[in-house]
Amino acid sequence: MVKKDKLSLWLQALIERRGFNKAAVALANKNARILWAMASQDKEYDAALT
């Protein structure tokens, strides 16, 4: 099953360009920034914004 959401497409392209390990770190960083923004602004996750 191939995922077609924006985040999955971004991650797959990053894996192809930089490799799996660097993409894993980049995804962890992206998730941390999203969570920090949600916590600091007291907002809920909106996938349309990522």
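As shown above, the structure is provided for reference.
Just so it is clear, the structure is predicted and the values come from calculations on it, not from any experiment.

> Would you mind going over the packing of aromatic side chains in detail, with residue names and values included?
A complete count under the given rule lists 0 aromatic pairs for this structure. In this structure, K30 is placed above the aromatic ring of W10, and the distance from its NZ or CZ to the ring centre is 4.6 Å.

> Go over the packing of helix 1 (residues 6–18) against helix 2 (residues 20–41) with me, naming the residues and quoting the values.
Interaxial distance between helix 1 and helix 2 falls to 7 Å at its minimum, and their mutual angle equals 145 degrees. The crossing of helix 1 and helix 2 is right-handed. Contacts from L7, W10, L11, L14, I15 and R18 in helix 1 reach F20, K22, A23, A26, L27 and K30 in helix 2.

> Describe unusual backbone geometry, listing the residues and the values that go with them.
Positive phi is not limited to glycine here, since D42 has a value of about 50 degrees. Within the secondary structure, D42 is located in the segment after helix 2. Accessibility expressed as a relative area gives 74% for D42, which makes it exposed.

Cut-offs used in this document
Residues numbered from 1 in each chain as written. Predicted model: local features only at pLDDT ≥ 70, side-chain atom pairs only at ≥ 80, totals over all residues. Heavy atoms only, no water. Phe/Tyr/Trp six-rings, centres within 6.5 Å; stacked < 30°, edge-to-face > 60°. Lys NZ or Arg CZ within 6 Å of the ring centre and 35° of its normal. Axes fitted to C-alpha atoms, helices over the stretch in contact; angles between N-to-C directions. Helix = DSSP H or I, 4+ residues; strand = E, 2+ residues; numbered from the N terminus. Left-handed = near helix turned anticlockwise from the far one by under 90°. Contact = heavy atoms within 4.5 Å. Buried < 20%, exposed > 50% of the residue type's maximum accessible area, 1.4 Å probe, protein only.

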